[in-house]
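Residue-level structure breakdown
So the chains spell out like this:
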Amino acid sequence: VQSGSNTSSEIESTGKRKQASLQIEETRSQPTKRSKESTEPLHPFQHDPADDCETCFRAYQDICPFLCKLAQRLGKSKEELCIWDPYFCAGQVKVHLKKLGFKNVVNENK
């Protein structure tokens, strides 16, 4: 193969990558919908559906001792410690942290 020329497998691979890239871009440009029946977007901003992941409750249980120690060092209770999580998916961050006693959590869909 000469320098600068593409083999058929390279062209096919590149074509598939371009097609996949275009599909991702199309997805990013459309707000996620709540359900098939609803026309209301899940998020008021464009986002990549691959980012729609919620952290499980067990993971919050794992970091709870660290958050408690942080609150203690800051001279605050768990209830007073302000936790800001900018990555909103479906709102479970607040639910999980509230179960662990952290009530001052900012995680909003905007």
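For the structure, see preceding data.
Residues numbered from 1 in each chain as written. Predicted model: local features only at pLDDT ≥ 70, side-chain atom pairs only at ≥ 80, totals over all residues. Heavy atoms only, no water.

**Some details on the packing of helix 2 (residues 57-73) against helix 3 (residues 92-99)**
As a packed pair, helix 2 and helix 3 sit with axes 10 Å apart at the nearest point and diverge in direction by 55 degrees. Between helix 2 and helix 3, the crossing angle belongs to the class labelled oblique. Classified by chirality, the crossing of helix 3 by helix 2 is right-handed. On helix 3, the residues that touch F57, Y60 and L67 of helix 2 are V93, H96, L97 and K99. Taken together, the residues that form the contact of helix 2 with helix 3 break down as five nonpolar, one polar and one charged. (Axes fitted to C-alpha atoms, helices over the stretch in contact; angles between N-to-C directions. Helix = DSSP H or I, 4+ residues; strand = E, 2+ residues; numbered from the N terminus. Parallel < 35°, antiparallel > 145°, perpendicular 65-115°, else oblique. Left-handed = near helix turned anticlockwise from the far one by under 90°. Contact = heavy atoms within 4.5 Å. Nonpolar A, V, L, I, M, F, W, Y, C, P; charged D, E, K, R; others polar.)

**Points about the environment of K110**
Relative to the assigned elements, K110 resides in the segment after strand 2 (104-106). We classify K110 as exposed; its relative accessible area is 73%. (Buried < 20%, exposed > 50% of the residue type's maximum accessible area, 1.4 Å probe, protein only.)

**Quick look at the nonpolar core**
In this structure, Y60, C64, L67, A71, L81, I83, V93, L97, L100, F102 and V105 together form the largest nonpolar core, which totals eleven residues. Secondary-structure elements contributing two or more residues to this core are helix 2 and helix 3. By residue number, the principal contributor to this core is helix 2, which donates four residues. Those residues in contact with L97 that lie beyond four places of it in its chain are Y60, L67, I83, F102 and V105. (Core = buried A, V, L, I, M, F, W, Y, C linked by side-chain atoms within 4.5 Å.)

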